[in-house]
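Structural characterization, general
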Amino acid sequence: ISTQGVGGGANIGEGKITVEPSKEVAKERVFCVIWHETIHALFQERIDLLIKEYLRKNKFEKEIKDIGLGRNARNLINEVLVSSLIPEGYLAKKFFKKSIYKPDKVFQEKLKRDKNFGLIRAYLSWKLYSKTKHYIDNNKQLDRDYFKAIRKVYLDYLKKVSGRY
C-alpha cells in the first residue's frame, strides 16, 4: 500500500494495470489514477509511435538528463502527456470535478528545491492545461505541436529552476 497517496502502473502485461492506494487517499484521486493507467494501457502503442516520430527530429535528452531524475525523453513526454489529461489535467476537472491546483509561491519554491518527478509532472500538466483543453474541446488529435508544447514547458521549467535554457 502506498504511503504517498496513490500510485499505479500499466507495465505488468498488455491491457493490465495496477493501482496502489493508501487508506487516506480520496476516492476521486484513485479513480483518476485508474483512468491515467487505463490510458497508458489502451493507447501506449500509439503514443509510443507518436513520441518516437517526434524525438527522431527533436532531441532533448541532454535537457532531461540535466535534471537528474533518471528519466529519458520518451518517458518524460509519455508521463506528462497522460498526466496533462488525468490525474492533474483537464479530464480530471471535466469528469471528476477535481480542482486543478495552480502552483503558488510555496509550491514553486519546493519545485526548485526538490527533484521530485511527481511535482514536476503536476507543474508541467498545469502549464499545459489550456492547450490540452483546446485539443479535447476541439476533437484535435495529438500532433507535433502538442509535443513541442511539452518540450517548451519543460525547458521553461528548467530555466525557472536552474537559470539555464
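In every chain, residue numbers begin from 1 and rise along the written sequence. Totals for whole chains, interfaces and linings use every residue, but because this is a predicted model, local features are given only for residues with pLDDT of at least 70 and side-chain atom pairs only at 80 or more, for both listing and counting. With hydrogens and water set aside, each side-chain value is computed from the structure's full complement of heavy atoms.

1. A word on the overall build of the protein chain
What the protein chain contains, in helices and strands, is 8 helices and 2 strands. Under the DSSP-based scheme used, a helix requires at least four consecutive residues in state H or I and a strand at least two consecutive residues in state E, with every element numbered from the N terminus. In sequence order, the protein chain lays out its α and β elements as β-β-α-α-α-α-α-α-α-α. For the protein chain, the residues scored as buried account for 41% of the 165 residues in total. In this description, contact between two residues means that some pair of their heavy atoms is separated by no more than 4.5 Å. Residue pairs in contact within the protein chain that sit at least 24 positions apart in sequence constitute 59% of those at least 6 positions apart. Buried residues are those whose accessible area, probed at 1.4 Å on protein chains only, stays under 20% of the maximum for their type, while exposed residues exceed 50% and partly exposed ones sit between those limits.

2. What about the nonpolar core?
Here, the term nonpolar core denotes a set of buried Ala, Val, Leu, Ile, Met, Phe, Trp, Tyr and Cys residues that are joined through side-chain atoms within 4.5 Å. One finds Phe60, Ile77, Leu124, Ile150, Tyr154 and Tyr157 to be the most contacted residues of the largest nonpolar core, which totals 39 residues. Those elements that place two or more of their residues in this core are helix H1 (27-57), helix H3 (73-83), helix H4 (90-96), helix H5 (105-113), helix H6 (117-127), helix H7 (129-137) and helix H8 (144-162). Tallying contributions element by element places H8 first for this core, with 9 residues.

3. Some remarks on the confidence of the model for the protein chain
Scored from 0 to 100, pLDDT records how confident the predictor is in each individual residue. Residues with a pLDDT of 70 or more make up 90% of the protein chain, whose mean pLDDT is 83. Least confident of the elements in the protein chain is helix H2 (residues 61-66), whose mean pLDDT is 68; most confident is H7, at 97.

4. Regarding the packing of H7 against H8
As a rule, the C-alpha atoms of each element are fitted with a line to give its axis, helices using only the stretch in contact, and angles between N-to-C directions run from 0 to 180 degrees. Closest axis-to-axis distance for the H7/H8 pair is 11 Å, and the angle between their directions is 165°. When the axes of H7 and H8 are compared, the pair comes out roughly antiparallel. You can see that H7 and H8 cross each other, and the crossing is left-handed. For the pair H7 and H8, contact is made by Lys131, Thr132 and Tyr135 and by Asp145, Tyr146 and Ala149, respectively. For the contact of H7 with H8, the per-class residue count stands at 3 nonpolar, 1 polar and 2 charged. Put simply, angles under 35 degrees are roughly parallel, angles over 145 are roughly antiparallel, angles from 65 to 115 are roughly perpendicular, and the rest are oblique. Less than a right angle of anticlockwise turn of the near helix away from the far helix marks a crossing as left-handed, whereas a clockwise turn marks it as right-handed. By the convention adopted, Pro, Cys, Tyr, Trp, Phe, Met, Ile, Leu, Val and Ala count as nonpolar, Lys, Arg, Asp and Glu as charged, and the other residues, Gly among them, as polar.

5. Topic: the side chain of Thr132
Relative to the assigned elements, Thr132 resides in helix H7. The exposure class assigned to Thr132 is buried, which follows from its relative accessible area of 2%. If we ignore the near neighbours within four places in the chain, the residues touching Thr132 are Ser84, Leu85, Tyr90 and Tyr146.

6. Describing the environment of Ile150
Note on placement: Ile150 falls in helix H8. C-alpha separation for the pair Ile150 and Val80, spaced 70 residues apart in sequence, amounts to 7.4 Å. Once residues within four sequence positions are removed from consideration, Ile150 is found in contact with Ile77, Val80, Leu81 and Leu128.

7. Topic: the packing of H5 against H6
Across the interface, H5 lies against H6 with an axial gap of 10 Å and an inter-helix angle of 130°. Comparing their axes, H6 and H5 come out oblique. Pair H5 / H6 crosses with left-handed handedness. Contacts between H5 and H6 involve Phe107, Lys110 and Leu111 from the first element and Leu119, Ile120 and Tyr123 from the second. When its residues are assigned to classes, the contact of H5 with H6 shows 5 nonpolar, no polar and 1 charged.

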